[in-house]
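If you want the building blocks of each chain, they are given just below.
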Amino acid sequence: MAIAPSSRSGNNAPVMPSRTPSPRAKAESLGDMPTTLGGRGFAGHATTPMSGAGVRLGKICPSCLERYPNDFRVCPRDATELSEVEEQEEADALLGATVGDTFSIVRAIGEGGMARVYEGRHVRLPNKRFAIKVLHHMYAQQANVVARFQREAEAASGIAHPNVVDVYDMGITPDGRPFLVSEFLEGKDFATLLDERERIDSGVAVHVVRQVCRALAAAHARGVVHRDVKPENVFLVGDMESPVVKVLDFGISKFDGAGGATLTQTGMIMGTPGYMPPEQARGAKTDHRADIYGVGAMLYRAVTGKLPFDSDDAAEALSMVLTEEPPRPRAVQPSIPEALELVIQKAMAKDPDDRYRSMAELDERLAPFDPETPSSVSLLPPGPGATRAARKTTVAAATVRSPMASLEVEERTREAKLARPTMALLTVVTYAWLVACTVDAGTTALAALRGVVGSTPTEKLVVAIVTVAISLAPLVFWLRYVQRVWRNSVRSVALARSLRRIVLAATVPYAFVALALRVGLPLHDLRWAPLAATVSLASAVFALLTSSVVGRRSG
C-alpha cells in the first residue's frame, strides 16, 4: 500500500496515513494540539482516523465543548473525560486543486490535530508523486505554528541525506494555508511495526537505529537538533528484508546558535515524554545530546517492547523522566546482550555529559551488534516454522562482525556481568577495612597515651562498638546509593571500577607504611603507629575524589 509522510506528526513533518493507535501508541503520543501541563506549554502528536466518506471521528469536551483528536482522553484545559463524536466533514476544497502552480492534489491520505496530508502529482510530470501537508484553518493564523512549519521545511531540506525525508517546496494554498511538499514514501513507520510485533530482535533494532544515527549525525553537522526522536518519526521504506530508514518531522528542531529561542517560550516543553531527555522535560537548553537520548530511548522501546517511562498521564511521565531510572533493559527482556544494555543506558544517561559525545560515537558503539547479512535484519513477521533456536541465531549474528569487535563486546559483557557482584563484595571489604583500620588506630593511640604496649580486649571491644555505631549512618546512606546505582549497568560498571581503585589505594599504602613502621621503629615506640591508618585513609579519599572523573570518561 502506498503511504506518504503523514500528519500524525501534526505540526511537524509528514508521516503516513492515519490509523487507530494502540494503547501503547497512546502512551507514546499525546496529541498535536498545544496544551498545558502545570503552566508549561506542551506539544505531542496524534492522528485523527477517518471512519468513512464524509465522516470524521474525534473527541469533544462536554464541559468546554472544545474538540480534540481521537487520541486524547481528557481535556487538557479542565481534565474532563472526552466523549467520542462523529462529525460530518465539509467538502474538501483542495481536492483536485493545484498548489504552487506545480502540484495537483489527488486525495487525502491522513490527518492529525494540526494538519492534513494529501497525495499530490506534478502537473507537468504526472508520474511523480508527492506528499503535501497543509495546516488546518484554525492554526494557519498562529504565528508560532506557522514558524515551526517553516522550520520543518528549512531543516529537512538543508540536510540532504539518504536517511532524511526530502522536502522540495513550501507555499500558501489559495485559501491562505501554509503547505509543504515532501517525497512520497511507501512502507510503514517504525511505531506501526513495533505495535504489530511488540518487540524485535536486538540485531534488527540496531540495524534500523544505526541509520537513524547517521541521519541525525548529518543533521547535527548542519547545526540542526531534531528534539523529537521517536518511532513515529522513523519511516521504513523499500524491501522489509533490508529496509531503508527515513527520519521525519523536524517541526520542533533547533538550529544551534540561530533562532532557537524565538519559537519556544521560556519553560515551554516540546516533544514526546516517553523519549524526551530530562533537560528538555525541564524546559532547559538542549543540544545534540538530546537526540542521543532519544535514539537510546527508541532502541530501548524496540528491544524490550516497553517504553522507558510508561504512563498515560503526561505530567506523570515527565516526572518519571526527571526523577527516576527506567527499568534495566535486561530486567524487561533478558535476551538483550549485556554489552548492548550498556550502550542503551549510557545513551539515556540523565546528565548530558554522561552520554556519548556524538551520534558518530553512538553509531560506532552499536556497530558490533549490526548484522552483516540481510537475512539477519528482516522485518518481515517470522514464519510459522520459526523456532526459538533460529531466533537466537539471528541475535547471535548481531554480536559478531570482526575479531576486534567481538573481543570488545566480550570484554564489556564480562565487565557488566561482574559489576554488581564486585560492588557487593567490595562494599563488604571496604567496610570491614574501615572498621578494622579505625579500631587498630584507636586502640594503638590509647595504648600510646597510657605508655604501654598493646591494648586490652575490653578496650578493643569498646572501640569496635563505638566505631560501628558511628559508621551505621554512613553505611545506610551508602547502601541506598548502591541500590539506586544497581538498576543502571553503566553506573554499576563505573562504581565497580571506582571501588576497585579505592580498595587498592587504601590497602597498598597501609601495608607499606605499617611494614616500614614495624621494621624501622622499636616496638615500644608507638607514637607513629596511627600513621599507617592516616596514609591509607588519605589515599582512599583521593581515589574516591578522582574516581568520578574516571568513571565519567569510561564506557
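Our structure is the block above this text.
What you see is a predicted model; the values in this text were computed from it and never measured.

Trainee: Would you explain the packing of aromatic side chains in this entry?
Mentor: One pair of aromatic rings is described through two measures. These are the centre distance and the angle between the planes. Under the defined criterion, the tally for this structure stands at three aromatic pairs. Ring geometry for F130 and Y168: centres 5.6 Å apart, planes at 85°, overall edge-to-face. Of this pair, F130 sits in strand β10 (residues 129-135) while Y168 sits in strand β11 (residues 167-172), and the two are 38 residues apart along the sequence. On the basis of relative accessibility, which here comes to 6%, the residue F130 falls in the buried class. A centroid spacing of 5.7 Å and a plane angle of 40° characterise the contact between W478 and Y481, whose relative ring orientation is tilted. Here W478 pairs with Y481, and both are found in helix α14 (residues 457-486), just three residues apart, close to one helical turn. Ring pairs connect the aromatic residues F103, F130 and Y168, which therefore count as one cluster. The aromatic ring of Y356 is capped on one face by K346, whose charged end is 5.5 Å from the ring centroid.

Trainee: What's the story with the side chain of T422 in this structure? I'm lost.
Mentor: Along the chain, T422 turns up in helix α13 (residues 403-450). Apart from the residues within four sequence positions on either side, T422 is in contact with A496 and R500.

Trainee: I'm lost on the sheet that holds strand β7 (residues 98-99) in this one. Help?
Mentor: Two strands in a sheet stick together by hydrogen bonds in their backbones, pointing the same way (parallel) or opposite ways (antiparallel). The strand order across the open sheet built from six strands is β7-β8-β9-β10-β12-β11, with neighbouring strands paired in antiparallel fashion. In this open sheet, the two edge strands, each paired with only one partner strand, are β7 and β11. Bridge count for strand β9 (residues 115-122) against β10 is seven bridges, and the pairing is antiparallel. By the bridge assignment for β10, R116 is matched with V134.

Trainee: Can you help me understand the pairing of β10 in this one?
Mentor: The side chains of a regular strand alternate, residue by residue, between the two faces of the sheet. Judged by how many residues are buried, β10 sits mostly within the fold: six of seven residues are covered. Here β9 folds back onto β10, and the loop between the two strands holds six residues. Pairing of β10 with strand β12 (residues 178-183) involves five bridges; the strand directions are antiparallel. Looking across to β12, one finds that A131 is bridged to S182.

Trainee: How should the nonpolar core be read in this particular structure?
Mentor: General note: in soluble globular proteins, nonpolar side chains tend to be found buried as a group. By size, the foremost hydrophobic cluster in this structure holds 66 residues, and its most contacted members are F190, F250, V295, L299, L362 and L366. The contacts of V295, once residues within four sequence positions are left out, are V209, V212, C213, L216, V229, M359 and L362. Within the second largest apolar cluster, 13 residues are counted, among which are A416, V482, V493 and L495.

Rules used in this analysis
- Residues numbered from 1 in each chain as written.
- Predicted model: local features only at pLDDT ≥ 70, side-chain atom pairs only at ≥ 80, totals over all residues.
- Heavy atoms only, no water.
- Phe/Tyr/Trp six-rings, centres within 6.5 Å; stacked < 30°, edge-to-face > 60°.
- Helix = DSSP H or I, 4+ residues; strand = E, 2+ residues; numbered from the N terminus.
- Buried < 20%, exposed > 50% of the residue type's maximum accessible area, 1.4 Å probe, protein only.
- Lys NZ or Arg CZ within 6 Å of the ring centre and 35° of its normal.
- Contact = heavy atoms within 4.5 Å.
- Pairing = 2+ DSSP bridges.
- Core = buried A, V, L, I, M, F, W, Y, C linked by side-chain atoms within 4.5 Å.

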